[in-house]
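Chains, contacts and geometry: an overview
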Amino acid sequence: MQEIIIDELKGTGKKFERIVINRKLADGGQGEIYLTGSGKHVVKIFKEPIIYETTAEIIESFNQTFLRMSDFENHPSLQARPLFCFAGRMGGQRVYGSVSVYLRPGQFVEIDQIVPVLKAGDRIKMCRQIAEVFEIFSVASYVYVDLSDDNLFVNRLTKDIVFIDFESGGIIRSSFARTNTIGKASGYEPPELILKSFADKFKFWVYLDWWSMAVLMFQILTGFHPFIMFGAITEKTAEVLSRFQWPGVPVEEWRDGVSGYYNDFKAAISKIPPGMLELFKKTFNDGFFDPTRRVSPNQWLQAIIGNAGGYVPVLKNYRFLIGKNCKILELECENTKLVLISVKGWVRTFPAFSRVRVQLPWNLNANEVVVELFSNDGVRKKQSITLI
């Protein structure tokens, strides 16, 4: 056990004098990672003090964003974001670091270990969560930049996708701003980070992430990298795409060793919902040559929810009844797995089939109830209803 004596905190209103760390878990790109004495959090000790300042900026921007997007403050995919950062002393040395929730092995696994066995509904749910996360990033002016399989985990039970390692990115609000890294070779990098001929297209901006987001969703839906036919993005990729539209690259142009996947690739693409496939085409064709033409997270969300069709939860009708010493709220729902009801601090969750009957506290005086519906694949819908 070691102690970090804290003398400065950023990103939280709470007060801490010390943090106890138990054992070292790993060496991360931005610093060493330790498990806390409680076993509930991880501490990342930064390699450079500047990362402390940029991480504090990231946390503050997220906190301000959640004031405007309160529904997403507890988004499951962001549970491992840095909660706060600190400066202090450990073993006589000045240290800077951040604290995040610990994702326990066994409960959470790296994405490439679980995606091959996911059901179609879970894959769509993950895509929706990814689009929501990058929408939050866009509002916060945050560029993640370091998307890779080892930064993505999945909860075995809920099938929620979880992002880690936020310190690699940065808040980009001016042409002078930078992320802490430009990522690593992972297969998710956009062309302007790979090709010398595209170097003039590179900037620190959201369009870097919008490419990576599309590659990730495509892989989750199909099991293939969208550019499997080239093995990797090269100058030849740009030349071929100037003649053929993705994904219609003829088998003659496929790299030796992967052409055997041609029919499987076509079959996998045929199962993508049409609205989503059009957005993949736009990103991987127009967005290949012009980053600003890549599809935004909000556009993805509209397509994903639209293609969910019957999976979108619906509150068809409701009625409020007052009986002898009881108040009853009845809800008629469609495509709904779970209902959360909140009124004046009273919060309850109920399983839903077609109807939900809820007995409210007799002494609860309120004219408005907040109802949140959840579908089987995780699509949620929140609305307020007036009690008459």
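It should be noted that the structure appears before, not after, this text.
The notes below deal with the structure included here.

Overview of the pattern of salt bridges
A complete count under the given rule lists 17 salt bridges for this structure. For Glu253, the salt bridge is made with Arg243, and the minimal N-O distance between the two is 3.3 Å. Pair noted here: Glu253 is in the loop between α5 (235-241) and α6 (262-270) and Arg243 is in the loop between α5 and α6, with a separation of 10 residues, a long-range link. Judged by its relative accessible area of 44%, Arg243 is partly exposed. A single network of salt bridges, built from pairs that share partners, joins Lys24, Asp27 and Glu32.

Structural notes on the sheet that holds strand β1 (residues 2-10)
Read around the closed barrel, 6 strands run β1-β2-β3-β4-β6-β5, paired in antiparallel fashion. This sheet shows a mean twist of 45° between the axes of neighbouring strands, independent of strand direction. The pairing of strand β2 (residues 18-27) with strand β3 (residues 31-36) spans 5 bridges and is classified as antiparallel. The partner of Ala26 across the bridge, within β3, is Ile33. Docked against the sheet, helix α1 (residues 49-68) engages β1, β4 (41-46), β5 (84-90) and β6 (93-101), running at close to 150° with respect to β5.

Some words on the packing of aromatic side chains
The way to describe two aromatic rings as a pair is by their centre distance and the angle between their planes. Considering all chains together, one arrives at 39 aromatic pairs under this definition. Geometrically, the ring pair formed by Tyr142 and Phe166 is tilted, given 6.3 Å between the ring centres and 35° between the ring planes. Placement of the pair is Tyr142 in strand β8 (residues 142-143) and Phe166 in the loop between β10 (161-163) and β11 (170-171), with a sequence separation of 24 residues. The class of Tyr142 is buried, set by a relative accessible area of 0%. Taken together, a centroid distance of 5.7 Å and an interplanar angle of 15° make the contact between Trp211 and Phe227 stacked. Of this pair, Trp211 sits in helix α4 (residues 206-222) while Phe227 sits in the loop between α4 and α5, and the two are 16 residues apart along the sequence. There is no split in this pair, since Trp211 and Phe227 are both buried. Looking at Lys201, its charged tip hangs above the ring of Phe198, at a distance of 5.3 Å from the centre.

Considerations on the nonpolar core
Among the nonpolar cores identified, the biggest contains 79 residues, and Phe163, Phe227, Met276, Phe280 and Trp300 are the most heavily contacted of them. Ranked by residues supplied to this core, first place goes to α4 with 12 residues. Among the nonpolar cores identified, the runner-up in size contains 19 residues, and Val339, Val358, Leu373 and Ile385 belong to it.

The rules behind the values
Residues numbered from 1 in each chain as written. Predicted model: local features only at pLDDT ≥ 70, side-chain atom pairs only at ≥ 80, totals over all residues. Heavy atoms only, no water. Salt bridge = Lys/Arg side-chain N within 4 Å of Asp/Glu carboxyl O. Helix = DSSP H or I, 4+ residues; strand = E, 2+ residues; numbered from the N terminus. Buried < 20%, exposed > 50% of the residue type's maximum accessible area, 1.4 Å probe, protein only. Pairing = 2+ DSSP bridges. Axes fitted to C-alpha atoms, helices over the stretch in contact; angles between N-to-C directions. Contact = heavy atoms within 4.5 Å. Phe/Tyr/Trp six-rings, centres within 6.5 Å; stacked < 30°, edge-to-face > 60°. Lys NZ or Arg CZ within 6 Å of the ring centre and 35° of its normal. Core = buried A, V, L, I, M, F, W, Y, C linked by side-chain atoms within 4.5 Å.

Remember that the coordinates give geometry; whether it matters functionally is a separate question.
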